[in-house]
Protein chains: 2
Amino acid sequence: MQIAVLLYDRFTSLDAVGPFELLSRLPGAETVFVAAEPGPVRNDQGNLALVADRSLAEVTAPDIVLVPGGPGARQAMHDETILDWLRTADATSAWTTSVCTGSLVLAGAGLLKGRRATSHWLALDDLVPHGAEPTGERVVFDGKYVTAAGVSSGIDMALHLIGRIAGDETAQTIQLMTEYDPQPPYDAGSPDKAPAEIVAKWRTKAGQVTAAGR
Amino acid sequence: MQIAVLLYDRFTSLDAVGPFELLSRLPGAETVFVAAEPGPVRNDQGNLALVADRSLAEVTAPDIVLVPGGPGARQAMHDETILDWLRTADATSAWTTSVCTGSLVLAGAGLLKGRRATSHWLALDDLVPHGAEPTGERVVFDGKYVTAAGVSSGIDMALHLIGRIAGDETAQTIQLMTEYDPQPPYDAGSPDKAPAEIVAKWRTKAGQVTAAGR
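Scoring rules and cut-offs
- Residues numbered from 1 in each chain as written.
- Chains lettered and ligands numbered in written order.
- Predicted model: local features only at pLDDT ≥ 70, side-chain atom pairs only at ≥ 80, totals over all residues.
- Buried ≥ 20, exposed ≤ 12 C-beta atoms within 10 Å, placed from the backbone.
- Helix = DSSP H or I, 4+ residues; strand = E, 2+ residues; numbered from the N terminus.
- Pairing = 2+ DSSP bridges.
- Expected span 1.5 Å × (residues − 1).
- Contact = placed C-beta atoms within 7 Å.
- Nonpolar A, V, L, I, M, F, W, Y, C, P; charged D, E, K, R; others polar.
- Axes fitted to C-alpha atoms, helices over the stretch in contact; angles between N-to-C directions.
- Left-handed = near helix turned anticlockwise from the far one by under 90°.
- Least-squares fit on C-alpha atoms with pLDDT ≥ 70 in both.
- pLDDT = per-residue confidence, 0-100.

All names here are of chain B. Of the two faces of strand β11 (residues 145-148), the one holding Y145 and T147 and the one holding V146 and A148 are both buried throughout. Note that strand β7 (residues 95-99) and β11 share four bridges and pair parallel. If you follow T96 over to β11, its bridge partner there is Y145. Note: strand β10 (residues 139-142) against β11, four bridges, orientation antiparallel. In the sheet register, V140 faces β11, and the bridge partner there is T147.

Written as C-alpha cells, this is what we have:
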C-alpha cells in the first residue's frame, strides 16, 4: 500500500506530519512525500522545510492521497499541476484525504462536488462555491473521501482510517505506540468550546483577510 | 524568544513537529531546527527528512530547547557533540524540554539527575541509570525541565508551556487555531487504557530488543 503526502509552498507542518506519523505505521505501508519537484518545501511560517522525495510525475497511483492544509492551499487550489495530479491519483486511489484547508485543494480539483466535507473552522464556507457541503465535524467520511478539520484533527482522521483499513487492534496498537492519550490543559479546541471573545476576534480577522483578497 | 528543535538521525517526526507547530505560534518566537550539520535529517522510518536550517554551533543560547525522541535517541544520548551542545544551551535556557525518548538524551547529558521526568511508556525504566525519577505522567514539569511521554504527548506539553509563558488566552487561541479538540475513535493511548494483550505483546517485544542489545 502506497501513501502519498502532497507538499506545496506554505503548507502547515502538523497537517501533514500528524496523520503521516500514524498512517505510515500501517503494516505494509510505503509512504512518500511528493511535490511538483523533489526537494525541500517550506512551511507556512517559513521556519521548517520538509523534503519531498519524489515528484508528482513519479507517483501517479497511490492507494492513499493525503493533502495537508495551510495558507498556501489558497494558491494550490488553483495550481493546474497539482489539480491534474490529484484528479489522476484520485482515479485509482482507495482513499482521498485532506486535513484543514487541504479540503479546499480537493474541492478545487472538483473532487468534493456533492459531498459532505470539513475544513478549518474558519474555512468551512469556502467549500460551498465548489459544491461541497461543509460540516463542522472533526472527521468526515463520504465514500472514499475523508476530510479532517483544522491542523491537529488529521491525527484523529488517521486513527479512523487505520481502523477501517486494518482493524481495531492495529489502530489501538498504533494509538498506544504513539501514546495518543490527549490531555490538553485547556478545552478551547473548537469554536463551540473556546471563549467566545477569542472566537469572535479571529472570525473578524479572517473576514478582514478575505475582504482584502489575500 | 528563540526556540531550537534538535534533529538527529532516526528521530520520530511527530515528536518534533507536534510541539513545534504550537510553540512556534508564540508571539515573538523565532523557531529554528538544528543538527550537527545543516541539511536534511531523516526520520526513524526513513521516509521523511526535515531540514535543519542551522548547525548546533550556530545556535548556542536558545530560550527553549526541544529534543524529540525516536530510535536514534539511543545513539544521540552518547553523542558528545549533541551532549556538549545540550549542556551549553541548557546553561542559559529558560526551558529545556523533550518528547518521548528525547528525555534519554537529556538524561545522557546529565540534565535530569535527581529530577522527575517522563518518556515513552516502554522507556521509563531507562531513565533510572541516569539518576532521573521516572513517572508515568503525560507531561512532567520539574523546574525548567519539561518532559513529555510518547510521540503525540508533545502537543499537550506545548500547550502547558505556552500557558506558562504567555498566559491562558494565548494558549487557548493557539489551541483554537490548531483545532486541538481531540476525538480519538479508540481509548488505547496509554498502557493503562489499551487492551492488556496489546500492552503485554509490546512489553515483550521491547524486552527482546533490549536483551539483543539494540
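Time to look at helix α5 (residues 153-166) of chain B. An α-helical segment advances 3.6 residues per turn. Residues three or four places apart therefore align on the same side. Residues and elements named next belong to chain B. Between its first and last C-alpha, α5 extends 20 Å over 14 residues, near the 20 Å set by a 1.5 Å rise per residue. Every buried residue of α5 is listed here: S153, G154, I155, D156, M157, A158, L159, L161 and I162. On its buried face, α5 is in contact with α1 (13-23), β7, β10, β11 and α6 (168-177). Of the residues flanking the end of α5, it is G167, one or two places downstream, whose phi is positive at about 95°.

Residue-level contacts link 56 residues of chain A with 56 residues of chain B. Each residue belonging to the side of chain A that touches chain B can be placed in one class, and the counts come to 29 nonpolar, 19 polar and eight charged.

On to the sheet that holds strand β5 (residues 54-55) of chain A, then. Residue and element names in this part refer to chain A. Spatially, seven strands are ordered β5-β2-β1-β6-β7-β11-β10 in an open sheet, and the strand pairing comes out mixed. For this open sheet the edge positions go to β5 and β10 (139-142), each flanked by a neighbour on one side alone. The strands touched by helix α5 (residues 153-166) within the sheet are β7 (95-99), β10 and β11 (145-148), with β11 carrying the most contacts at an inclination of about 150°.

With that settled, consider the packing of α5(B) against α6(B). Residues and elements named next belong to chain B. Relative to each other, α5 and α6 sit at 145°, their axes nearing to 7 Å. Every pair of crossing elements has a handedness; the one defined by α5 and α6 is right-handed. Only D168, T170, A171, I174 and Q175 of α6 make contact with α5, whose side of the interface consists of L159, I162, G163 and A166. Of the residues in the contact of α5 with α6, the class split is five nonpolar, three polar and one charged.

Let us now look at the relation of the copies chain A and chain B. You can overlay chain A on chain B at an RMSD of 0.0 Å; the transform is a turn of 180° with a shift of 0.0 Å along its axis. The superposition operator between the copies reduces to a two-fold rotation axis. Ranked by how close their C-alpha atoms come to the rotation axis, the residues of chain A are headed by L50(A), at 2.3 Å. Comparing interface residues between copies, 100% of those in chain A also lie at the interface in chain B; the contact surface is shared.

This brings us to unusual backbone geometry. In this structure, C100(A) takes a positive phi of about 60° despite not being glycine. Relative to the helices and strands, C100(A) resides in the loop between β7 and α4 (102-108). Backbone geometry places V151(B), a non-glycine residue, at a positive phi of 35°.

Scored by pLDDT, chain A comes out at a mean of 96, with 98% of its residues at no less than 70. With pTM at 0.96, the complex prediction returns an ipTM value of 0.96.

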